[in-house]
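The chain contents come next:
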Amino acid sequence: MPRLIPARQPPGQLAMRSHFLITTRRWAVSLTNYGRAGVSRTHRPSAAVSSLSSAAAPSGDVPDVPELTAWIQRNAGRVDGATLVNLGASGWGLKAAQDVQPGHRLIMLPAACHLTYGVNDDPRLLSLVDKVPSDLWGAKLALQLIYQRLRGPNSQFATYITNLPRGVPGVPMFFSKRALDLIDYPPVSQQVQKRCRWLFTFSQQVLAKLPGTPGDPFGGVTVDINAMGWALACVSSRAFRTRGPSHPAAMLPLIDMANHSFAPNAEVLPLDSGAVGLFAKTKIAAGEPLLLSYGKLSNDFLFMDYGFIVLDNPYDSVQLRFDVGLLQAGALVANVTDAVGAPLELSLAPWRLALLTELRLAGPSADTELNLGGGGSDSSALVDRRLLAAARIMVARQEGEVVGRGVERLCAIDRPLSKENEMAALRIIAGVVAVALSNFRTTLDQDLALLAGEVPTPAAAGSDAAADVMLPLANDDEFLAVRFRAEKKKILSRTLQQVADLTSALSNGEVRQTTGLASTKKGSKPVPATNKGFGKK
Ligand SMILES: C[S@@+](CC[C@H](N)C(=O)[O-])C[C@H]1O[C@@H](n2cnc3c(N)ncnc32)[C@H](O)[C@@H]1O
């Protein structure tokens, strides 16, 4: 049987967190969770005697950077001025070993040091990789990572794998049922369930059946759901798509020790002959952390793939699914009335349907995802412009108010159609935001109290249902889940404030100066929920 390469423990205080370990028990918890959605509990994975995960043992707490550096140099790569630093809550990272100027090459990794896959690999591995749907690119690379891990010291990547963490803290795929419940945000909760369900099915229906077959690339070792989960989390939190979306992703040893910032001082760039380099983007003083941008990612992506979030993330947004019922609920909540003072009934007259179709909010090519927030540096860009246009269309009393104006015009926030139409549209949007806020089981204030460790009195907790979710947070995963949902509520609160400002400017007859719109282009696809490794990034 091949010798297993142990992976390193999570760093610093993180190493104390036993729930990072990939154990069958932890998966049993997750599986029980989605088992409620139809997966029989009898299908829960058991700890196979020869399984990769049950045999793995940590090699030590600290990634051995000198060892990795020596390995890179043996493979004709270079490390010039990058070394290890403990960054506390964000784990291990890289720092500048000396003062460096912009453009300085800190690390050069030749292609031989990229853990990826291609035509020269074991055909049995490649045929297994082919069984993974093409949009699940992370899972394809995860199979190569497992393959290399099982080759033990014979693997070209043994040094790298020995220095990988044994678990990725904060990735919700490994959360307990309570921590998952605390997320309370379906676009992410459902994506987590989808990942778990795929992992479960693939492990049961493909991996479990491999040992003893001619197509087994793993030498008879049972690769269970835990091993696959570990590999997938390593890939989703560390892989790069250096050769574009049509080529396999790659893991870049040592470069993948760099942590994330939206204001990075380092960048990864391609070099000749398939090599890549980590370069200084700015002047960096000795001792400063080397920070890369993982992309302009929402907290959904950061949370699901990397296990952390950024507070007040300018790229974070709240996803809503458009239908006329959503606007109708908004109208009811905001008490929008018709000409005779009765609650406004939104009707989908043919001319309204035609305009919603032009906006791609209805019809065969509809894309009904809307986003509040996520406009990056334009902090006023909170209201999705297609939502605004739809509200204007739905409150128009007559066809002539909206038909023939063109989609751009209907979407322009600084060009209301009429004061009356705009007032009603903005009130509906405020109502929609209020509905979105009410879909959470707790308020922002309750979340902030939970995060501050304040155990609320039953009266402050409100209803019984809320009291249930107001239990003190038991661990870092639960804390992260509440932090994540609190950030969503902050976006909704800011959107409400923006709508209130627009309304008062309108009623005071002030001309708006800002565009104040989400940056979605006409008819463009809104940013999807995270699907890294389960779709394109
Ligand atoms: C590419 S690895 C970077 C090296 C990693 N810190 C380690 O100890 O191996 C990405 C992981 O680092 C952590 N991380 C990176 N940037 C972070 C940040 N800005 N805040 C918190 N955690 C971060 C997360 O755990 C993430 O999954």
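Residue indices begin from 1 for each chain and proceed along its sequence in written order. The model is predicted, so local features are restricted to residues of pLDDT at least 70 and side-chain atom pairs to those at 80 or more, both for listing and for counting; the totals for chains, interfaces and linings are taken over all residues. Think of the side-chain values as coming from all heavy atoms in the structure, minus any hydrogens and water.

(A) Inspection of unusual backbone geometry at higher detail. Although it is not a glycine, Leu-254 adopts a positive phi angle of roughly 70°. We count a stretch as a helix when DSSP gives it H or I for four or more residues in a row; a strand needs E for two or more, and each element gets its number in order from the N terminus. Among the secondary structure elements, Leu-254 is positioned in the loop between β6 (250-251) and β7 (259-260). Its identity as a non-glycine residue notwithstanding, Ser-273 has a phi of 50°, on the positive side. Position of Ser-273 relative to the elements: it lies in the loop between β8 (266-270) and β9 (276-280).

(B) Just the state of the cysteines, in detail. Defined by distance alone, a disulfide is two cysteine sulfur atoms within 2.5 Å. Enumeration according to the criterion identifies zero disulfides in this entry. The structure places no disulfide on Cys-113, whose sulfur is separated from the nearest cysteine sulfur, that of Cys-234, by 18 Å. Only protein chains enter the accessibility calculation, which uses a 1.4 Å probe. A residue is then buried if its area is under 20% of the maximum for its type, exposed if over 50%, and partly exposed in between. Judged by its relative accessible area of 0%, Cys-113 falls in the buried class. The structure places no disulfide on Cys-234, whose sulfur is separated from the nearest cysteine sulfur, that of Cys-196, by 16 Å. A relative accessible area of 0% means that Cys-234 is categorised as buried.

(C) Focus on the confidence of the model for the chain. Looking at any residue, its pLDDT shows the predictor's confidence there, from 0 to 100. Summary statistics for the chain give a mean pLDDT of 83 and a share of 81% for residues scoring 70 or more. Here, residues are in contact when the closest pair of their heavy atoms is within 4.5 Å. Within the model, pLDDT remains below 50 along residues 9-60, and this stretch shows 121 contacts once partners closer than five positions in the same chain are excluded. Here residues 512-537 is modelled with pLDDT under 50, and outside its nearest four sequence neighbours on either side it reaches 99 contacts, counting other chains as well.

(D) How the structure looks around the UniProt feature "domain: SET" (unreviewed entry) in the chain. UniProt feature "domain: SET" (unreviewed entry): in the numbering of this structure it lies at residues 80-295. Within the segment residues 80-295, helix and strand shares are 31% and 16% respectively, and the terminal C-alpha atoms sit 25 Å apart. UniProt positions are given in the numbering used here, feature names are shortened, and annotations may be inferred rather than shown by experiment.

(E) Quick peek at the packing of helix α12 (residues 350-358) against helix α13 (residues 385-395). The geometry of α12 relative to α13 is characterised by a closest axis approach of 10 Å and an angle of 170° between their N-to-C directions. Relative to α13, the element α12 is oriented roughly antiparallel. In this structure, α12 contributes Trp-351, Arg-352, Leu-355 and Leu-356 to the contact, and α13 contributes Ala-390, Ile-393 and Met-394. Ten residue types, Ala, Val, Leu, Ile, Met, Phe, Trp, Tyr, Cys and Pro, are classed as nonpolar, four, Asp, Glu, Lys and Arg, as charged, and the remainder, Gly among them, as polar. Grouping the amino acids of the contact of α12 with α13 by side-chain chemistry returns six nonpolar, no polar and one charged. Every axis corresponds to a line fitted to the C-alpha atoms, with the helix fit spanning only the stretch in contact, and the corresponding angles, defined between N-to-C directions, vary from 0 to 180 degrees. Orientation categories follow fixed angle ranges, with anything under 35 degrees roughly parallel, anything over 145 roughly antiparallel, 65 to 115 roughly perpendicular, and all other angles oblique.

(F) View of the sheet that holds β7. In short, DSSP must find at least two bridges between two strands for them to pair. Ordered in space as β2-β3-β10-β7, the four strands form an open sheet in which the pairing is mixed. Where the open sheet ends on each side, the last strands, each with one partner, are β2 (82-86) and β7. In terms of strand pairing, β2 meets strand β3 (residues 92-96) through five bridges, oriented antiparallel. Residue pairing for β3: Val-85 is matched across the bridge by Gly-93.

(G) Region of the structure containing the environment of Arg-195. Along the polypeptide, Arg-195 turns up in helix α8 (residues 186-205). Spatially, the C-alpha atom of Arg-195 lies 32 Å from that of Pro-110, the residues being 85 residues apart in sequence.

(H) Just helix α4 (residues 123-130), in detail. Within α4, the full set of buried residues consists of Leu-125, Leu-126, Leu-128 and Val-129. All buried residues of α4 fall inside an arc of 160° around its axis, so they share one side. Seen from the open side of α4, the exposed residues pointing more than 90 degrees away from its buried face are Pro-123 and Asp-130. Counting of polar contacts relies on pairs of N or O atoms within 3.5 Å, with two restrictions inside protein: one atom must be capable of donating a hydrogen and the other of accepting it, and residues adjacent in sequence are counted only when both atoms are side-chain atoms. The backbone nitrogen of Arg-124 lies 2.8 Å from a side-chain oxygen of the residue at the head of α4, namely Asp-122. Each direction from the helix axis to a C-beta atom contributes to the arc, which is the arc of those directions.

(I) Molecular detail of the packing of helix α16 (residues 419-438) against helix α20 (residues 476-507). Remark: α16 packs on α20, axes separated minimally by 10 Å, with the N-to-C direction vectors making an angle of 165°. With respect to α20, the element α16 is oriented roughly antiparallel. Where α16 crosses over α20, the handedness of that crossing is left-handed. Residue-level inspection shows Lys-419, Glu-422, Met-423, Leu-426, Ile-429, Ala-430, Val-433, Ala-436 and Leu-437 of α16 in contact with α20, the latter providing Lys-489, Leu-492, Thr-495, Leu-496, Val-499, Leu-502, Thr-503, Leu-506 and Ser-507. A clockwise turn of the near helix away from the far one marks a right-handed crossing, whereas an anticlockwise turn of less than a right angle marks a left-handed crossing.

(J) A look at the side chain of Asn-75. With respect to the helices, strands and loops of the structure, Asn-75 is situated in the loop between α3 (65-74) and β1 (78-79). A polar side-chain atom of Asn-75 sits 2.8 Å from the main-chain carbonyl oxygen of Trp-71. Beyond its immediate stretch of four places on either side in the chain, Asn-75 contacts Pro-110, Ala-112, Cys-113 and Gln-156.

(K) Structural view of α8. When the terminal C-alpha atoms of α8 are compared, their 27 Å separation across 20 residues agrees well with the 28 Å that a helix rising 1.5 Å per residue should span. Within α8, the full set of buried residues consists of Pro-187, Val-188, Ser-189, Gln-191, Val-192, Arg-195, Cys-196, Trp-198, Leu-199, Phe-200, Phe-202 and Ser-203. By this rule, a helix spans an expected 1.5 Å times one less than how many residues it contains.

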